[in-house]
Amino acid sequence: MTKLELKIPQPGVTFYGNRRLTTVTILDIKVDDGVKEVFFEGLKDCDAIEVKIQSDCRCPSVERLYISENVRNISISNNTFPNVNRVNSDSKYFLSGNVLIEHYDVQDIYILKNTFCKKKGENIDLKNVNRIKDYAFVNCCSGNVTNVSEQILCDYKAFYQYKGVYQLPVVDGAHMMGNIMMTVSNTIPACTTAINRYIDFSGRNVKLTNPGIVSNIYPAHMPKRIYVDNEGIISPDEIYTAGNTSIENIDINPKNKYYTSIDGIVYTADKKTLIRCPVGKSGKVVIPDGVTTIGRHAFRSCKISEVVIPDSVTEIGISAFTESHIQDFTLGKGMTYIGKYMFSTCKNIKHIHIPSHIKEIMSSAFSACNAEDIVLDEGVERIGLNAFEVSTANDTKIILPSSVKMIGDGALRNIKHVTLTNKIPPGFFMSLDTYESGADIYVKIRGKQYILPSQSHFQAIDDYVMSLPFDDQILWRQFKYITEPMERYEFIMRAYKAVDGDIEEQSKKEMLDMLRDNQKYIISNCCTYRYEAEYFIFMLSLDICTRQTIEKIISFADKTEGLSLKAYALDALNRIDTKTDFEI
């Protein structure tokens, strides 16, 4: 940082900063006592000026600032020029007035940046301002604020250390800066369009006219309950806005012709449609009998743990319970379907039971729920795309009834244990997908267990079983599509062991032949990469290993002090010797 040279000297004023090409940045300033004017202009060899004074310097005698046309940016604190009462600007980026207002012409935004520590009673003219910047009112003591826009955005720290707040007029118990609510009250005035983010409504019951205004409250300062004192039309979006906060209960004026509330949940006035349950509501919710519709996103992100849906409900909107904390649910008998994304991303649901009166489970209805077990009663007919998709880490089990007539792609993605009580529904194998995790899929069909690798050709299986009689071989031979040899052999061992060799004879022979013919490669890899002893023991148990292979296993056991493995290997070697003696 260097001293900056001026074309026309300003007596008693010195600028310090740096230069980049033809842009000069003023980083510090020194002003002699008694100097009343500072001109941000006249720097040599300069096309653009930026003022970024971050030092603790104070220039209390300065009353007027002049901003030349080539000033692009100004960032200063109120304390640097505490007594400025006039700004004269030739720059298109700043307005003239008694405060510092920045202008973005393209977006027509006017930002209040500094009030300059106005004294009590001094005017703060906010004409044109539609945004108040952080720290704009630091150490300002005046409550004489005029020309406040009806719609204005306030940054979180806009009123940080504002000392004139209690000089402002009071409406319904709250100090107001035009339409900006500045201090806490149990009533938010009807004229309010913005709220000081430092106001803390935590734990309060607050009365208001427009429920959407709560979006202006800092999230950590939300009231516990709101009472909407409005007898007229309220936009549904305003209801959703209020419901999307941490508020626990929303009460509606009983004279309102369009809405009502029951237990803090908003319904249409006829009590037929549930509009919105506030996110902060917790515990069990019993929806009153007579309600026929649950609206879209009605319980989204809510903290409720359980819901009981009455038999009167027949329609449910998209994502009705998405991302909620729900653990248990009761589905009314009037329901015939579970809507799209209805319980999507409800991480606390561990057990899913779908009763027989539900005929269709729509796409992504339970996606990312991560349930441990899923049971569908006889009667469910259609399951949509990704309906029960879980994360790769889950070990979910599902039972599908014989009534299922159609199942969409990816409906059972990452589910590793599937039981079919009878027939195979169209699309079943394409509903399976563990490719991302590479996990085996355990499928039980008519009481018989099969294991499928993640690389199975599921579309080909679906095509086969839909046109030809079911044959075990089509499932057991899927191991042939595993491209990496060692992964293929490992799968054969896992599958064979899982069903204790209960495999269709031809497929069983093919599996054993593959292990037998490649035993040297298999055991070499197991030794090189120090596989668990169970792999060696399983190969030995099949009685397919040659003497050379067994001796390699014994050598590996000696090196790794695997006494138990060595005992198995010696026993296998003894069986070979016994068999050879018998044959002789």
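This section reports on the structure supplied with the text. (Residues numbered from 1 in each chain as written. Predicted model: local features only at pLDDT ≥ 70, side-chain atom pairs only at ≥ 80, totals over all residues. Heavy atoms only, no water.)

### A short note on the overall build of the protein
Line of reasoning, step 1. When you go through the protein residue by residue, the secondary structure sums to nine helices and 40 strands.
Line of reasoning, step 2. Relative to the globule expectation of 25 Å for 584 residues, the C-alpha radius of gyration of the protein, 37 Å, shows a markedly less compact shape.
Line of reasoning, step 3. Along the longest, intermediate and shortest principal axes, the C-alpha atoms of the protein span 120 × 70 × 40 Å.
Line of reasoning, step 4. Within the protein, contacts between residues at least 6 apart in sequence are counted, and of these 36% link residues at least 24 apart.
Line of reasoning, step 5. As presented, the protein carries roughly 27100 Å² of accessible surface, and 48% of it is formed by carbon and sulfur atoms.
Line of reasoning, step 6. If you average the places of the 67 positive and of the 73 negative side-chain charges in the protein, the two averages end up 5 Å apart. (Helix = DSSP H or I, 4+ residues; strand = E, 2+ residues; numbered from the N terminus. Rg over C-alpha atoms; globule rule 2.2 N^0.38 Å. Contact = heavy atoms within 4.5 Å. Areas by Shrake-Rupley, 256 points an atom, 1.4 Å probe, with all protein chains shown as cover. Lys, Arg positive; Asp, Glu negative; His and termini not counted. Charge placed at Lys NZ, Arg CZ, Asp CG, Glu CD.)

### Re the packing of aromatic side chains
Line of reasoning, step 1. Under the counting rule described, the total for this entry stands at 23 aromatic pairs.
Line of reasoning, step 2. Clustering of aromatic rings is evident, with ring pairs tying together Phe299, Phe321, Phe329, Phe343, Phe366 and Phe388. (Phe/Tyr/Trp six-rings, centres within 6.5 Å; stacked < 30°, edge-to-face > 60°.)

### Observations concerning a nonpolar patch on the surface
Line of reasoning, step 1. Taken together, the side chains of Tyr135, Tyr156, Tyr160 and Tyr198 define a hydrophobic patch exposed on the protein surface, amounting to about 350 Å² of accessible area.
Line of reasoning, step 2. Note on placement: tyrosine 160 falls in the loop between β15 (153–154) and β16 (170–171). (Patch = residues over 30% accessible without salt bridge, like charges linked within 9 Å, V, L, I, M, F, W, Y side chains within 5 Å. Salt bridge = Lys/Arg side-chain N within 4 Å of Asp/Glu carboxyl O.)

### Describing helix α2 (residues 458–467)
Owing to its 3.6 residues per turn, the α-helix brings residues three or four apart onto one side.
Line of reasoning, step 1. Every buried residue of α2 is accounted for by Phe458, Ile461, Asp462 and Val465. Along the long axis of α2, the arc covered by the buried residues comes to 100°, so they all point the same way. (Buried < 20%, exposed > 50% of the residue type's maximum accessible area, 1.4 Å probe, protein only. Arc of directions from axis to C-beta.)

### Let's talk about the pairing of strand β24 (residues 265–268)
Line of reasoning, step 1. By the alternation rule, side chains of β24 split into Ile265 and Tyr267 and Val266 and Thr268, which are all buried.
Line of reasoning, step 2. Counting the residues between successive antiparallel strands, the hairpin from strand β23 (residues 259–262) to β24 contains two residues, one of them, aspartate 263, with a positive phi of roughly 55°.
Line of reasoning, step 3. Here β24 runs beside strand β25 (residues 273–276); their pairing, made up of two bridges, is antiparallel. Across the sheet, residue valine 266 finds its bridge partner in β25, namely arginine 276.
Line of reasoning, step 4. Count of turn residues in the β24/β25 antiparallel hairpin: four residues, of which lysine 271 carries a positive phi of about 60°. (Pairing = 2+ DSSP bridges.)

### Brief notes about the packing of helix α4 (residues 485–498) against helix α6 (residues 519–528)
Line of reasoning, step 1. At a closest axis distance of 11 Å, the pairing of α4 and α6 adopts a crossing angle of 95°. Classified by the interaxial angle, the pair formed by α4 and α6 is roughly perpendicular. Taken together, the residues of α6 that come into contact with α4 (itself represented by Pro485, Met486, Tyr489 and Met493) are Tyr521, Ile522, Asn525 and Cys526.
Line of reasoning, step 2. Residue classes in the contact of α4 with α6 are distributed as seven nonpolar, one polar and no charged. (Axes fitted to C-alpha atoms, helices over the stretch in contact; angles between N-to-C directions. Parallel < 35°, antiparallel > 145°, perpendicular 65-115°, else oblique. Nonpolar A, V, L, I, M, F, W, Y, C, P; charged D, E, K, R; others polar.)

### What to know about the pattern of salt bridges
Line of reasoning, step 1. This model, assessed by the stated rule, comprises 23 salt bridges.
Line of reasoning, step 2. Residues arginine 413 and aspartate 433 are paired through a salt bridge, measuring 2.8 Å at the closest nitrogen-oxygen approach. One end of the pair, arginine 413, is in the loop between β37 (406–407) and β38 (417–420); the other, aspartate 433, is in the loop between β38 and β39 (441–445), with 20 residues separating them in the sequence.
Line of reasoning, step 3. By relative accessible area, aspartate 433 is classed as partly exposed at 21%.

### Some remarks on the pairing of strand β17 (residues 174–177)
Line of reasoning, step 1. Side chains of β17 alternate between two faces, with Ala174 and Met176 and His175 and Met177 buried alike.
Line of reasoning, step 2. With two bridges connecting them, β16 and β17 associate as antiparallel partners. Residue pairing for β17: valine 171 is matched across the bridge by alanine 174.
Line of reasoning, step 3. Count of turn residues in the β16/β17 antiparallel hairpin: two residues, of which aspartate 172 carries a positive phi of about 50°.
Line of reasoning, step 4. Pairing of β17 with strand β18 (residues 180–181) involves two bridges; the strand directions are antiparallel. Along β18, the bridge assignment pairs methionine 176 with methionine 181.
Line of reasoning, step 5. Between the antiparallel neighbours β17 and β18 lie two residues, among them glycine 178 with a positive phi of about 65°.

### Examining the sheet that holds β39
Line of reasoning, step 1. With respect to topology, six strands assemble into an open sheet ordered β32-β34-β36-β38-β39-β40, the strand pairing being mixed. Of all the strands in the sheet, the pair left with one neighbour each is β32 (351–354) and β40 (448–452). Along the sheet, successive strands turn relative to each other by an average axial angle of 15°, direction set aside.
Line of reasoning, step 2. Both β39 and β40 contribute to a ladder of five bridges, which runs antiparallel. Looking at β40, one finds that lysine 444 is bridged to glutamine 449.

### Digging into the sheet that holds strand β29 (residues 315–316)
Line of reasoning, step 1. Read from one edge of the open sheet, five strands run β23-β24-β25-β27-β29, paired in mixed fashion. At either margin of the open sheet sits one strand with a lone partner, and together these are β23 and β29.
Line of reasoning, step 2. Strand direction decides the pairing type here: β23 and β24, joined by four bridges, are antiparallel. Among the inter-strand pairings, serine 261 is bridged to a residue of β24, identified as valine 266.
Line of reasoning, step 3. Of the strands in this sheet, β23, β24 and β25 touch helix α1 (residues 236–243), which is tilted by about 60° from β25.

### Considerations on the environment of glycine 264
Line of reasoning, step 1. Inspection of the secondary structure puts glycine 264 in the loop between β23 and β24.
Line of reasoning, step 2. Glycine 264 sits in the buried class, given a relative accessible area of 2%.
Line of reasoning, step 3. Expressed as a C-alpha distance, the spacing of glycine 264 and alanine 572, which sit 308 residues apart in the sequence, is 73 Å.
Line of reasoning, step 4. Dropping the residues within four chain positions of it, glycine 264 is found in contact with Asn249, Ile250, Asp251 and Pro278.

### Examining α1
Line of reasoning, step 1. Of the positions making up α1, those classed as buried are Ile239, Tyr240, Ala242 and Gly243. Viewed along the axis of α1, the buried residues span an arc of 165°, placing them on a single side of the element.
Line of reasoning, step 2. Buried residues along α1 sit against β21 (225–228), β22 (249–252), β23, β24 and β25.

### Focus: the nonpolar core
Line of reasoning, step 1. Counting 101 residues, the largest nonpolar core has Phe343 and Phe388 as its most contacted members.
Line of reasoning, step 2. Take this core: its biggest share by element is seven residues, from α4.
Line of reasoning, step 3. Beyond its immediate chain neighbours, meaning those up to four positions away, phenylalanine 343 contacts Phe321, Ile326, Phe329, Leu331, Ile338, Ile349, Ala365, Phe366, Ser367 and Cys369.
Line of reasoning, step 4. Leu43, Cys46, Ile53 and Ile76 belong to the second largest nonpolar core, which has 30 residues in total. (Core = buried A, V, L, I, M, F, W, Y, C linked by side-chain atoms within 4.5 Å.)

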